[in-house]
Number of protein chains: 2
Amino acid sequence: MSDSRPIGVFDSGLGGLTVVRELFRLMPGERIIYLGDTARCPYGGRSEETIRLFGIEDAQFLMDQDIKMLIVACNTVSSVALEHIEQRMKDIPVIGVVLPAARAAVLRTAERKIGVIGTVATVRTGSYARAIGKIDPSIKVFGKACPLFVPLVEEGMIDNDITRLVAQHYLYEMIDLGVDCIILGCTHYPLLMEVIQGTVGTRIQLLDSALWTAKEAQDILTAMNALSPYHNGGLEASRFLVTDLTLHFEGQAEAFLGNTIPSIERILLEDLVQ
Amino acid sequence: MSDSRPIGVFDSGLGGLTVVRELFRLMPGERIIYLGDTARCPYGGRSEETIRLFGIEDAQFLMDQDIKMLIVACNTVSSVALEHIEQRMKDIPVIGVVLPAARAAVLRTAERKIGVIGTVATVRTGSYARAIGKIDPSIKVFGKACPLFVPLVEEGMIDNDITRLVAQHYLYEMIDLGVDCIILGCTHYPLLMEVIQGTVGTRIQLLDSALWTAKEAQDILTAMNALSPYHNGGLEASRFLVTDLTLHFEGQAEAFLGNTIPSIERILLEDLVQ
């Protein structure tokens, strides 16, 4: 048993390519079809109603491409719209980025105190706290929105004085509270891993939601006997679609994917809006 | 002769309310109809094609509301799509935010060196340099994109160590180059006026494009005898429309407008997309 159909992955922008990077590392034979809604990103500050609408539009577009699994690589959509998307996509597994990292953190916290950092929307919804609470209600969860981290990454300010000062500004409280795990609840944050680790110290473990999401996808496809049968997967066999060819998208895509993208196709927003 | 129709103003988000604030200060009898495309903001990093498309959609929506003048309060749209909008709106005057501030700066620079700060898109298009060059080609113009200023304002970090460090990071070069005027080419930047002035020193004059745009609107309406006849204008008689009721929009609107907005109406993105 095997399934040669691609895995669909979407995000509001290019940050979701961090999930694709991990998917290729774990399953180099898979084909991916990636959608980044770069004409309307970021979703983080928008209303829940609008986030649900955009998320369902993105998901439906990928469903129409005959995929075997849908990965919602956007923390914001995973936090406020995953159930709505699952209800509409009953035939294939749908994975968000919240639950895999939440599970990993629960298994790792000795102090039973977990920190979660992300966009305003992700933190405000309390989605990670809910996911952790369902597994073990005795664990304390501290959320902190870090809205400057995304523009810092997009400016390429990965490691300088400003970024360190911003990291201290956001994280000192969490360190004082005694967390021993912090979930990086935003696809951009793995690029700040070094600065964040330098700020919080080595006693605190950082959990990259992209990595744990890719592991979850591998587990599910393995259990379903639905891994790809041929060695025709990987970067060249995959497709990368965006709704806008934004400034510097090639450089940004490369930073998130850790590789050069062979080609990016532009699709029209009209093809997405239902 | 007078004209009681409203003035249409649009921006990608709520920042254009800084222009509305100046319009009310200069012409308290006017009615405004404001459109903020908060479901798709910010426009700054998108492709020129997408910025043109969104700008024309916003403009057309306001044109359909029977306005007497259109103000493009968005620096990004003013920089890349003003001519396209003017071509479609031949019956009423269309004002962008670039030319009024450019003219004001030309009249004020003694050193004949002007700095322009704004979003990546605004600076990259060189729209202010072009506008200044048409008036006086001997003036040197130095542009600098400051992408962290908008998220700092939106976080309410108006005056702290991080904001000062970011301002130094962006502006030290411009100070060294010897400019004596800096155009604040983004609607968010007036809120950082104090930090920016503190960074560049009092020798450098800051020019707020919102203020000069409102003055231009007043000049044109006066010359056309098209000011409003009645004292039924102002905040209560105006309308404020957005495409998404984003997080904290009321507080943000208040910060930009310098006043509480009586009510904000949500319109659907479908009403905008043609």
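Residues numbered from 1 in each chain as written. Chains lettered and ligands numbered in written order. Predicted model: local features only at pLDDT ≥ 70, side-chain atom pairs only at ≥ 80, totals over all residues. Heavy atoms only, no water.

Colleague: Give a detailed account of the interface of chain A and chain B, specifying residues and quantitative values.
Modeller: On the chain B side, the residues contacting the 34 residues of chain A number 34 residues. Both faces combined, the contact of chain A with chain B buries some 2,700 Å², and carbon together with sulfur accounts for 63% of it. For the pair chain A and chain B, the number of links is two salt bridges. Two residues, A:R266 and B:E49, come together in a salt bridge whose shortest N-O distance is 3.1 Å. (Contact = heavy atoms within 4.5 Å. Buried area = accessible area lost by both parts, 1.4 Å probe. Salt bridge = Lys/Arg side-chain N within 4 Å of Asp/Glu carboxyl O.)

Colleague: Explain the nonpolar core residue by residue, including any values.
Modeller: Of all hydrophobic cores here, the largest spans 145 residues; its most connected members are A:L17, A:I117, A:F149, B:L17, B:I117 and B:F149. Counting 56 residues, the second largest nonpolar core, distinct from the first, contains A:I33, A:L62, B:V72 and B:L269. (Core = buried A, V, L, I, M, F, W, Y, C linked by side-chain atoms within 4.5 Å. Buried < 20%, exposed > 50% of the residue type's maximum accessible area, 1.4 Å probe, protein only.)

Colleague: Break down the packing of aromatic side chains for me, with residues and values.
Modeller: Residues and elements named next belong to chain A. According to the stated counting rule, one finds eight aromatic pairs over all chains in the structure shown. Relative to F240, the ring of Y34 has its centre 6.4 Å away and its plane inclined at 45°; by these criteria the two rings are tilted. Remark: F240 occurs in strand β9 (residues 239–242) and Y34 occurs in strand β2 (residues 32–36); sequence separation between them is 206 residues. Side by side, Y34 and F240 carry an identical accessibility label, which is buried. With centroids separated by 5.2 Å and ring planes inclined at 90°, the aromatic side chains of F149 and Y189 adopt a geometry described as edge-to-face. Of this pair, F149 sits in helix α8 (residues 149–154) while Y189 sits in the loop between β7 (181–184) and α10 (193–200); the two residues are 40 residues apart in sequence, bridging distant segments of the chain. (Phe/Tyr/Trp six-rings, centres within 6.5 Å; stacked < 30°, edge-to-face > 60°. Helix = DSSP H or I, 4+ residues; strand = E, 2+ residues; numbered from the N terminus.)

Colleague: Lay out the relation of the copies chain A and chain B with the relevant residues and their values.
Modeller: By a simple turn and slide, chain A fits onto chain B: the slide is 0.0 Å along the axis, the RMSD is 0.0 Å, and the turn is 180°. Read as a symmetry element, the transformation amounts to a two-fold axis. Closest to the rotation axis within chain A is the C-alpha of A:R40, separated from it by 2.5 Å. Taken together, the interface assignments show that 100% of the residues at the interface of chain A recur at the interface of chain B, consistent with an identical surface on both copies. (Least-squares fit on C-alpha atoms with pLDDT ≥ 70 in both.)

Colleague: Break down the sheet that holds strand β3 (residues 69–72) of chain A for me, citing the residues and quoting the values.
Modeller: Residues and elements named next belong to chain A. Spatially, the six strands line up as an open sheet ordered β4-β3-β1-β2-β9-β10, and their pairing is parallel. The open sheet terminates on both sides in strands that have one partner only, identified here as β4 (94–96) and β10 (265–266). Relative to β3, strand β1 (residues 7–11) runs parallel, the two being bridged by four bridges. In the sheet register, F10 faces β3, and the bridge partner there is V72. Running at roughly 170° to β2, helix α1 (residues 17–26) makes contact with β1, β2, β3 and β9 of the sheet. Relative to β1, helix α2 (residues 48–63) is tilted by about 155°, and along the sheet it contacts β1, β2, β3 and β9. (Pairing = 2+ DSSP bridges. Axes fitted to C-alpha atoms, helices over the stretch in contact; angles between N-to-C directions.)

Colleague: I'd like a description of the pattern of salt bridges, backed by residues and values.
Modeller: On inspection of all chains with the given rule, the structure shows 28 salt bridges over all chains. A salt bridge links A:D136 to A:R112; the shortest N-O distance between them is 2.1 Å. Pair noted here: A:D136 is in the loop between α7 (127–135) and β6 (140–145) and A:R112 is in the loop between α5 (98–108) and β5 (113–118), with a separation of 24 residues, a long-range link. Close ionic contact of B:D3 with B:R5 constitutes a salt bridge, the shortest N to O distance being 2.9 Å. Salt bridges linked by common partners bring A:D3, A:R5 and A:D66 together as one network.

Colleague: Hey, could you go over the pairing of β5(A) for me, with residue numbers and the actual values?
Modeller: Residues and elements named next belong to chain A. Burial runs high along β5: five of the six residues are buried. Here six bridges tie β5 to β6, and the two strands are oriented parallel to one another. Each residue of the ladder has a partner; that of K113, found in β6, is K140.

Colleague: Got a sec to walk through the packing of α1(A) against helix α12 (residues 249–257) of chain A? Specific residues and values, please.
Modeller: Geometrically, a packed helix pair is captured by the angle between its two axes and the distance between the axes. Residues and elements named next belong to chain A. Contact geometry for α1 and α12: axes closest at 7 Å, N-to-C directions at 45°. With respect to their mutual orientation, α1 and α12 come out oblique. Note on packing geometry: the crossing formed by α1 with α12 is right-handed. Contact with α1, carried on its side by L17, T18, V20 and R21, involves A253, A255, F256 and L257 of α12 and no other residues of that element. Class assignment for the residues of the contact of α1 with α12 results in six nonpolar, one polar and one charged. (Parallel < 35°, antiparallel > 145°, perpendicular 65-115°, else oblique. Left-handed = near helix turned anticlockwise from the far one by under 90°. Nonpolar A, V, L, I, M, F, W, Y, C, P; charged D, E, K, R; others polar.)

Colleague: Describe in detail α10(A), supporting the description with residues and values.
Modeller: Think of an α-helix as 3.6 residues a turn; residues three or four steps apart then line up on the same face. All names here are of chain A. Turning to α10, its buried residues are V195, I196, T199 and V200. All buried residues of α10 lie within an arc of 120° about the axis, which places them on one face of the element. Set apart from the buried face of α10 by more than 90 degrees, the exposed residues are E194 and G198. Close packing links the buried residues of α10 with β5, α8, α9 (161–176), β7 and β8 (205–208). Looking at the residues trailing α10, positive phi occurs at G201, about 85°. (Arc of directions from axis to C-beta.)

Colleague: Can you tell me about the environment of B:C186, naming the residues and giving the values?
Modeller: Residue and element names in this part refer to chain B. Relative to the helices and strands, C186 is located in the loop between β7 (181–184) and α10 (193–200). By relative accessible area, which is 7% here, C186 ends up buried. Through-space distance from the C-alpha of C186 to that of E155 is 16 Å; in sequence the pair is 31 residues apart. Once residues within four sequence positions are removed from consideration, C186 is found in contact with N75, I117, G118, T119, V150 and S209.

Colleague: A description of the sheet that holds β7(B) should follow, citing residues and the corresponding values.
Modeller: Residue and element names in this part refer to chain B. What the four strands build is an open sheet, ordered β6-β5-β7-β8; its pairing is parallel. If you trace the sheet from one side to the other, it starts and ends with β6 (140–145) and β8 (205–208), each paired once. Each adjacent strand pair in this sheet contributes to an overall mean axis angle of 25°, direction not counted. Across four bridges, strand β5 (residues 113–118) lies against β7 in parallel orientation. Note that in β7 the partner of I117 across the bridge is L184. Packed on one face of the sheet, helix α9 (residues 161–176) meets β5, β6 and β7 and runs near 170° to β6. The strands that α10 touches are β5, β7 and β8; relative to β8, the one it contacts most, it runs at about 155°.

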